[in-house]
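Below, each chain spelled out in residue letters.
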Amino acid sequence: MTMNEDRKLIKAVLGPEGPELTCERCFEELDRYVELELSGADAEATVPGMRAHLEGCPACHEDHESLKALVGSTEKPA
Amino acid sequence: MSTATVSVEAMEEVTAVFADEDSEAWLAALSAPGPAREAACSRLHDLLLRAARFEVKRRRASLPHLRGDDFDDLAVQSADDALVAILAKLDTFRGDSRFTTWAYKFALLEAAVKLRRRAWQGREVPLEPETWNVFATDNPSPERRAEESELLRELRVGIDEVLSPHQREVLVALALNEVPIDVLADRLNTTRGALYKTLHDARKKLRVHVGSEV
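Residues numbered from 1 in each chain as written. Chains lettered and ligands numbered in written order. Predicted model: local features only at pLDDT ≥ 70, side-chain atom pairs only at ≥ 80, totals over all residues.

Q: Mind showing me how you'd approach the overall build of chain A here?
A: Scanning chain A for helices and strands turns up 5 helices and 0 strands. Reading the secondary structure of chain A in the N-to-C direction produces α-α-α-α-α. Projected onto the principal axes, the alpha-carbon positions of chain A cover approximately 45 × 25 × 20 Å. With 78 residues in all, chain A has 41% of them scored as buried. Taking the intrachain contacts of chain A between residues at least 6 apart in sequence as the baseline, contacts between residues at least 24 apart amount to 67%. (Helix = DSSP H or I, 4+ residues; strand = E, 2+ residues; numbered from the N terminus. Buried ≥ 20, exposed ≤ 12 C-beta atoms within 10 Å, placed from the backbone. Contact = placed C-beta atoms within 7 Å.)

The following block contains the structure:
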């Protein structure tokens, strides 16, 4: 394994540092978070712990990527 | 296409704090009586179907054995399920985003979960490491730094010694074998949230074990 693969494995096992949201809370906040991101606002300041959760949970990460891509492709943020 | 009802009191409370006119129009239409509500549900279903098809298109490469009709059936089913979920939770819409963004996430979630389940249909879910070689520290590589090697060795010990059997299974399946969390939740008859809590607790134990900040 290369050093990058080692680090990827370590990150997958240890997960994100610091406090993070639960999956349920992530889903509740996802729409607000994405609109804030697309508007250029500091989404993490409004929804603390979201970024860490998206780093640690592959499924929520995918859901976030999809919503951001969809909203970004169809409409301008409010 | 089935629907659920929403109390007028709940809708008045929501619309009272929400300033976006388009979102307010959606809420008013979906809580209106009779044909107006049916028309709004139909428009919402169209919107959800577009979102579900968007998700299917993004992920269809991961399901090469499915045909075009299968994907569209899956998108329609996702839109149907999302509509039911949205109507049941309409009174929880807080107006923190536009209504359409809020609604999209339900369709995307339904489609993503169905696609992940379909991708793993008929496959065994590995709860044991497919190989521990990834943690091996006796195969020195010029690209492998001593620091990472030592940490991996400690993690291998920690997984064996400090985790409960359930925490170990969940961590191995999700973090090492990359089993989707929805798929594992189905197989273990639990929820995504409960599994992630288990994974979080396991990671916390391992961080303490290796002396990393929690």
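Q: Would you take a moment to explain the overall build of chain B for this structure?
A: A tally of regular secondary structure across chain B gives 9 helices and 0 strands. Put simply, chain B runs from its N terminus to its C terminus through helices and strands in the order α-α-α-α-α-α-α-α-α. By residue count, 37% of the 214 residues in chain B fall in the buried class. Expressed as a percentage of contacts within chain B between residues at least 6 apart in sequence, the contacts between residues at least 24 apart total 71%.

Q: What exactly am I supposed to notice about the packing of helix H4 (residues 68-88) of chain B against helix H5 (residues 99-119) of chain B here?
A: Axes are the key here: two packed helices are described by the angle between their axes and the distance separating the axes. All names here are of chain B. One can describe the packing of H4 onto H5 by two numbers: an axis separation of 8 Å at closest approach and a directional angle of 135°. When the interaxial angle is binned, H4 and H5 end up oblique. Crossing of H4 over H5 shows right-handed handedness. Packed against H4, whose contacting residues are Leu-74, Ala-75, Gln-77, Ser-78, Ala-79, Asp-81, Ala-82, Ala-85 and Ile-86, the element H5 presents Ala-103, Phe-106, Ala-107, Glu-110, Ala-111, Lys-114 and Leu-115 at the interface. Residues of the contact of H4 with H5, tallied by class, amount to 11 nonpolar, 2 polar and 3 charged. (Axes fitted to C-alpha atoms, helices over the stretch in contact; angles between N-to-C directions. Parallel < 35°, antiparallel > 145°, perpendicular 65-115°, else oblique. Left-handed = near helix turned anticlockwise from the far one by under 90°. Nonpolar A, V, L, I, M, F, W, Y, C, P; charged D, E, K, R; others polar.)

Q: Looking at this structure, I do not really get the interface of chain B and chain A. What am I missing?
A: One frequent convention defines the size of an interface as the accessible area lost when the parts assemble. Each side of the interface is counted separately: chain B has 37 residues, and chain A has 30 residues. For the side of chain B that touches chain A, the elements supplying multiple residues, two or more each, are helix H3 (35-59), H5, helix H6 (146-161), helix H8 (181-187) and helix H9 (192-210) of chain B.

Q: What is the right way to look at unusual backbone geometry in this model?
A: The phi angle of most residues is negative, glycine excepted, and most peptide bonds adopt the trans form. Phi is positive for Glu-178 of chain B, which is not a glycine, with a value near 55°. Turning to its location among the elements, Glu-178 of chain B is positioned in the loop between helix H7 (165-176) and H8.

Q: I tried to follow the environment of Leu-30 of chain A on my own but got confused; where do I start?
A: Relative to the assigned elements, Leu-30 of chain A resides in helix H2 (residues 23-38). The class of Leu-30 of chain A is buried, set by 27 C-beta atoms lying within 10 Å. Taking the C-alpha atoms as reference points, Leu-30 of chain A and Leu-67 of chain A, 37 residues apart in sequence, are found 8.2 Å from one another. Those residues in contact with Leu-30 of chain A that sit more than four places away from it in its chain are Asp-63, His-64 and Leu-67 of chain A together with Lys-105 of chain B.

So yeah, pure geometry; function would need other evidence.
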